[in-house]
Amino acid sequence: MANTRFTQIFNLSIVLLSLALSGCATVNVANMETGRVNLEDDEKRLMKRADETAENIEQSGIVFNQKPLEDYLNTIAQRLLPAGSKENNLDIKIFVINEPTLNAFAMPNGRIYLHSGIVAASANEDQLATLIGHEMTHILHRHSLKQFRNLQNQSALWQVFALPAAFATGGISSIIGPLSLVSSITGYSRESEKEADEYGFELTKNAGYDIRESKKMFEMLDLFMKDEKEKEPFFFSSHPHVQERIKNYDELIKSATQTNVTPTLTENYKTLIREVLLLNTTLCLEKGMFMTAQRNVDKLVLDYPDDKYGYYLKGELYRERQDTEKKKKDRPKEDDYKLALEAYDKALAIDSQYAVALKGKAQVIYAQGDKEKAKEFFKSYLTADPNAKDKAFIQRLIE
Amino acid sequence: MMSIRVLFLSVLLLNGCAMVPWVKAPTGEYKDGARKFTAQLPQDWMRYTRAQYFIMTRDGIVLDSVTVERRKIDEPLAFTKKKFTKSMLINEIADVEIDDYKSGENIFKFNVVSNEPVKIANQDGFRLEYTYETSSGLIKQGIHYGFLYDGMVYRIMYDAAQQYYYKQNLGVFEKFLESFRLI
């Protein structure tokens, strides 16, 4: 398709440019944890653009507005924030956005955005702290400003590519303005990312989180890329690769000392993550990301065995996977329709009038060829939900 | 969604990489052998055809476009990894289309206004009406008709800026649709 081809062309152009820029002189600016930092004019402008971008993001409808979850994540951020940075009155705020890929980004104005995919993939608070600590370092160490000043040296060349780059990365980055902010999503330089790993690690250790959990976020990222055949969520090829980062974390863990610390897995964490898991499973199903959807839904039904919604989503996963992937050579060998029926039945055992589960069951039975039996379930579906949005389709089918 | 894809193509073409393939659409009966349909074309619209796409626009694809697409049933979709299958019910086909829109890059606040079964060109199909916002904040509204025929997926889509253009050209789209026949 045209879109894919052009995206590849633009990606290649940017990668070549970033390679050309890799020799740029390092920009030295003070880190925010070292004390009061006076913002220079260009940084103030960058902050203003970051504020405008944050507004665009919030207006775009992609923010998962769950105040208890945001409060919880902000509490983790406050626990991580180093004492030395307090003089800068940093307004750190964390948001979760509706995006099932595993990524996160930070803006220089203190906004940190976590994809629902990476939050759903976390197993405990310590892993979330690693993620937040990493993103917080980009803010504390003013990586956007460094990137911006490096780019200024090449401004004419970059201006030509700035617009296509924003388009080519698509999605969230398409609502980001200047390229220096696009970098906050697509990733910073190799040095900055390494610095964020290392200082973020220090922050989590100092805050008393279990440092053994830190590398697991990257192991999950590695797994996700294999599951969904995704590329690394970084635009610039000069980044440390995931495997390399896992190795770096291994070394950091070995060289650090920490005793009597275990992962934090509270009921509050589980309750809040449940909402993210539900959202993320739905997003994964929309995108056809079945492996990730399965990881999410397995976690849901394990933690909440009495939740009909989890079983319904599990049924949807198997039904849709059967439809989509039946010709794929590497698809799981299970009979997905059978598994779908089992999952719908579990949902219906909890609530026999659960309309969407009745419809899912009817669709599977219809696809298996027993149209008369399917019609009975379609009728039950309309009885359970007389105002169903797809009522006209179902009525036509029954008739 | 279509207009965003075509926009990329237009940008490259305008950069001088190739001749602009847009031509003035002939008014009246139009026969499209590649997409296997006939329809009446309106006055003063520009037409573009390539691969499985027939596209026409009056004011530019960002503002209004009518697209007819005839695609292989198992061809990968633009954004979702899901696929159509021959055994799918019409509402399931519509659901996959909705998921493809929702998964689309540069499509925000996608909202289904209505989704209902219809007959189109004597085939059982669906009519999906939707709104969404682009990354630049432009609110768009569209109508998407879809059906399966001869092992192919047909899409007949109208997509326009909600303010002014949607209503302005809706009648043109409806006339186009009324005259649409499969060959």
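Everything discussed here concerns the structure shown above.
Residues numbered from 1 in each chain as written. Chains lettered and ligands numbered in written order. Predicted model: local features only at pLDDT ≥ 70, side-chain atom pairs only at ≥ 80, totals over all residues. Heavy atoms only, no water.

Student: I keep staring at the overall build of chain B and nothing clicks. Help me out?
Tutor: Each helix and strand in chain B was counted, giving 3 helices and 11 strands. Counted from the first residue to the last, chain B has its helices and strands arranged as α-β-β-β-β-β-β-α-β-β-β-β-α-β. By sequence separation, contacts in chain B at least 24 residues apart represent 46% of the contacts at least 6 residues apart. For chain B, the computed accessible surface area is about 7,800 Å², with 50% contributed by carbon and sulfur atoms. (Helix = DSSP H or I, 4+ residues; strand = E, 2+ residues; numbered from the N terminus. Contact = heavy atoms within 4.5 Å. Areas by Shrake-Rupley, 256 points an atom, 1.4 Å probe, with all protein chains shown as cover.)

Student: What is the right way to read the pairing of strand β3 (residues 37-41) of chain B from this model?
Tutor: For a regular strand, side-chain orientation follows a simple rule: the groups alternate between the two sheet faces. Residue and element names in this part refer to chain B. Counted residue by residue, β3 has 4 buried out of 5 residues, so it is predominantly covered. Pairing geometry for strand β2 (residues 28-32) and β3, over 5 bridges, is antiparallel. Bridging from a neighbouring strand, Y30 pairs with A39 of β3. Hairpin geometry of β2 and β3 is characterised by an intervening segment of 4 residues between the two adjacent antiparallel strands and by a positive phi of about 55° at K36. As judged from the 2 bridges shared by β3 and strand β11 (residues 181-182), these two strands associate in the antiparallel manner. Each bridged residue has a counterpart across the sheet, and for F37 the counterpart in β11 is L182. (Buried < 20%, exposed > 50% of the residue type's maximum accessible area, 1.4 Å probe, protein only. Pairing = 2+ DSSP bridges.)

Student: Could you clarify how one ought to interpret the sheet that holds β2(B) in this entry?
Tutor: The pairing of strands in a sheet happens through backbone hydrogen bonds and is either parallel or antiparallel. Residue and element names in this part refer to chain B. On the basis of which strands lie adjacent, the open sheet formed by 3 strands has the order β2-β3-β11 and antiparallel pairing. Only two strands of the sheet have a single partner each, and these edge strands are β2 and β11. The strands touched by helix α3 (residues 165-179) are β3 and β11; relative to β3, the strand with the most contacts, the crossing angle is about 145°. (Axes fitted to C-alpha atoms, helices over the stretch in contact; angles between N-to-C directions.)

Student: Sorry if this is basic, but what is going on with helix α14 (residues 308-325) of chain A here?
Tutor: In an α-helix there are 3.6 residues to a turn, and that puts residues three or four apart on one side. Residues and elements named next belong to chain A. Helix length check: α14 (18 residues) gives 25 Å between terminal C-alpha atoms against 26 Å at 1.5 Å per residue, within 8%. Of all 18 residues that make up α14, 16 are buried, and the element is covered over most of its length. You can read the cap of α14 off the contacts: a side-chain oxygen lies 2.9 Å from the backbone nitrogen of Y309, and it is on D307. (Expected span 1.5 Å × (residues − 1). Polar contact = N/O pair within 3.5 Å; in protein donor to acceptor, adjacent residues only side chain to side chain.)

Student: Got a minute to help me understand the side chain of A:E228 in this structure?
Tutor: Examined against the element boundaries, A:E228 turns out to sit in helix α10 (residues 216-228). A relative accessible area of 6% means that A:E228 is categorised as buried. At 2.7 Å, the side chain of A:E228 and the side chain of A:T292 are in polar contact. If sequence neighbours within four positions are ignored, A:E228 has contacts with A:M289, A:F290, A:M291, A:T292 and B:K81.

Student: Help me out: how do you make sense of the packing of aromatic side chains in this one?
Tutor: By convention here, two paired aromatic rings are described through the distance between centres and the angle between planes. Evaluated as defined, the whole model comprises 26 aromatic pairs over all chains. Ring centres of B:Y101 and B:Y130 lie 4.8 Å apart, and the angle between their planes is 35°; this geometry places the pair in the tilted category. One end of the pair, B:Y101, is in helix α2 (residues 90-102); the other, B:Y130, is in strand β8 (residues 123-133), with 29 residues separating them in the sequence. Taken as a pair, B:Y101 and B:Y130 share a single burial class, namely buried. On the numbers, 5.0 Å between centres and 5° between planes, the contact of B:F147 with B:Y154 is stacked. An aromatic cluster of at least three residues, connected via ring pairs, comprises B:Y30, B:F37, B:F54, B:F176 and B:F180. Here the basic side chain of A:R79 rests over the ring of A:Y209, its NZ or CZ set 3.9 Å away from the ring centre. Over the aromatic face of A:Y304 sits the side chain of A:R274, whose NZ or CZ is 5.6 Å from the ring centroid. (Phe/Tyr/Trp six-rings, centres within 6.5 Å; stacked < 30°, edge-to-face > 60°. Lys NZ or Arg CZ within 6 Å of the ring centre and 35° of its normal.)

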